[in-house]
Each structure stands twice: as structure tokens, then as C-alpha cells.
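Tertiary structure, described
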Amino acid sequence: MNWTGVTPWVKATLPALGGVGVCVSAFLDSSFVPLPLVTDLIVVELSSRHAARMPYYAAMAALGSLAGCIWIYALARKGGQAYYRNRQGSSPGRIHRWVQKYPLMSVLLPAVAPFPVPFKPFVVAQGVFQVPFVPFVVGTFVGRGALFFIEGFLGMRYGAMAREFVLHRKAASMAMIVALLAVFVASRWLPFGRRSEQFPAG
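1. Some details on the packing of helix α2 (residues 19-30) against helix α4 (residues 54-79)
At a closest axis distance of 7 Å, the pairing of α2 and α4 adopts a crossing angle of 30 degrees. The pairing of α2 with α4 is recorded here as roughly parallel in orientation. The way α2 lies across α4 gives a crossing that is right-handed. Residues G19, V20, V22, C23, A26, F27 and S30 of α2 pack against Y56, Y57, M60, A61, G64, S65, A67, G68, C69, W71 and I72 of α4. Per-class residue counts for the contact of α2 with α4 are 13 nonpolar, 5 polar and no charged.

Below, the structure written as C-alpha cells:
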């Protein structure tokens, strides 16, 4: 697969490890080693080869991504707003207000949005502004799981064509529709989808 900027070792090793490789790739990408589109393309490739295992690959990708996000979340929660300013180089005011008003949405929408929508700055903000841990975990796992499931389904259904679909970012509109539906359901049925506590002033 043509992954510009990714080392030959990563390209050769992670797909060969199957679900474990997907999990490792997703963990690295969601923590401190950016691997744009690598996890997405591994999920597509493995799902096209082994259609029956597609839900497993999507779940492993979601778990790896969640683990990496928890690491970032924990560091940001401990480091506070100074960490956010240092990492992102911007004022946290606008994102703080969004996270404070819509804690679950602030987790779920970035989690389900595909590349090139920025994801990690929102994870940092969720830690800095202390989104409760349960909605953080649920929103991240559901959002990333939905994204990887869609990509896995495309790989299973369309094979090599799905790879081009993902690379050209045409999956973005589909993923955002899923995100909006998920947010609508969550905001109506899950109690932590609504603002339930005050966050520290930013």
C-alpha cells in the first residue's frame, strides 16, 4: 500500500500482525506518534482479505485508539490549561465553552470524524477541561468504533476501491452523518450526554 511518509517497517509489520497490528497502530496514532491514515488503511486492507473478521479489526482499532486517547487525556487532565496552550499554541476559551456545554458531543463528534479533521486537540481539551471519564470513554470508543466499522465495511464490500475512497476522504460525509445520528440518540437517552456539572473556569 502507498503510505507516503510511513517507514517500510511499519508498512510491512503492522498489517502482518492482524488485529494486534491494528491495535498497535491505532494506539500510536492516538498517543504521540502521528500515523495519518495508517490505521484506517490497515483496517480496510485486512477487512478486504478476511471479511468475516471485519468487526474484530474495527473493534481492535477502536480499543487501540481509546487506549492512546486515555493516555493523552490523563496527561492533559493532570497538566491543565498550560499543557493545552503549550501543545496547541492557542487560547482554550472557545473549545472550553464547547466542552463545558456539550461534554459528550465534544468527545463523540471528533472521534467519529475522519482524517483530516483534527482529533487529538479535542482529546487534549477533554482532559484539560475535565470531561467526566465515563462519557469520555464511551464517546471515544463509540465514535472511533463507528468510523473504523464504516471503513472496514467498505473494505469488505469493495476491496481495493475502498482504499481509494478513504484516501480521497469521500467517507467524511458518511461518517459525519453517523456522528450526528449517534449524538442525537446519545443526547436524548444517555444522562451524561447533557451538562451535569460545572467545569473549572478557563
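2. As for the environment of L35
When you line up the elements, L35 lands in the loop between α2 and α3 (38-49). It is 7.5 Å that separates the C-alpha atoms of L35 and S25, two residues lying 10 residues apart in sequence.

3. Quick notes on a nonpolar patch on the surface
Among the surface-exposed residues, L63, V134, V138, F141 and V142 lie close enough to one another that they form a single nonpolar patch of about 380 Å² accessible area. Element by element, the count of residues in the nonpolar patch is highest for helix α9 (residues 133-158), at 4 residues. Residue L63 is classed as partly exposed on the basis of its relative accessible area of 43%.

Criteria and cut-off values
Residue positions are counted from 1 within each chain, in the order its sequence is given. The predicted origin of the model limits local features to residues at a pLDDT of at least 70 and limits the giving and counting of side-chain atom pairs to 80 or more, whereas totals for whole chains, interfaces and linings rest on all residues. No hydrogens and no water enter the side-chain calculation; it runs on all heavy atoms of the structure. Where helices are involved, their axes are fitted lines through C-alpha atoms of the stretch in contact, as for all axes, and angles between N-to-C directions lie from 0 to 180°. Secondary structure follows DSSP: runs of H or I at least 4 residues long count as helices, runs of E at least 2 residues long count as strands, and numbering of each begins at the N terminus. The scheme is simple: roughly parallel for angles under 35 degrees, roughly antiparallel for over 145, roughly perpendicular for 65 to 115, oblique for anything else. In this scheme, a crossing is called left-handed if the near helix is turned counterclockwise away from the far one by less than a right angle; it is called right-handed if the turn is clockwise. Throughout, a contact is declared for two residues whenever any of their heavy atoms are within 4.5 Å. Throughout this entry, Asp, Glu, Lys and Arg are counted as charged residues, while Ala, Val, Leu, Ile, Met, Phe, Trp, Tyr, Cys and Pro are counted as nonpolar. The remaining residues, Gly among them, count as polar. Distance thresholds for patches are 9 Å for like charges and 5 Å for nonpolar side chains (Val, Leu, Ile, Met, Phe, Trp, Tyr), applied to residues having over 30% relative accessible area and no salt bridge. Residue exposure ignores everything except the shown protein chains as possible cover, and the areas themselves are Shrake-Rupley values with a 1.4 Å probe. Note on definitions: salt bridges are taken to be side-chain nitrogens of Lys or Arg within 4 Å of carboxyl oxygens of Asp or Glu. A 1.4 Å probe rolled over the protein chains alone gives each residue an accessible area, and that area as a share of the maximum for its type sets the label: buried under 20%, exposed over 50%, partly exposed in between.

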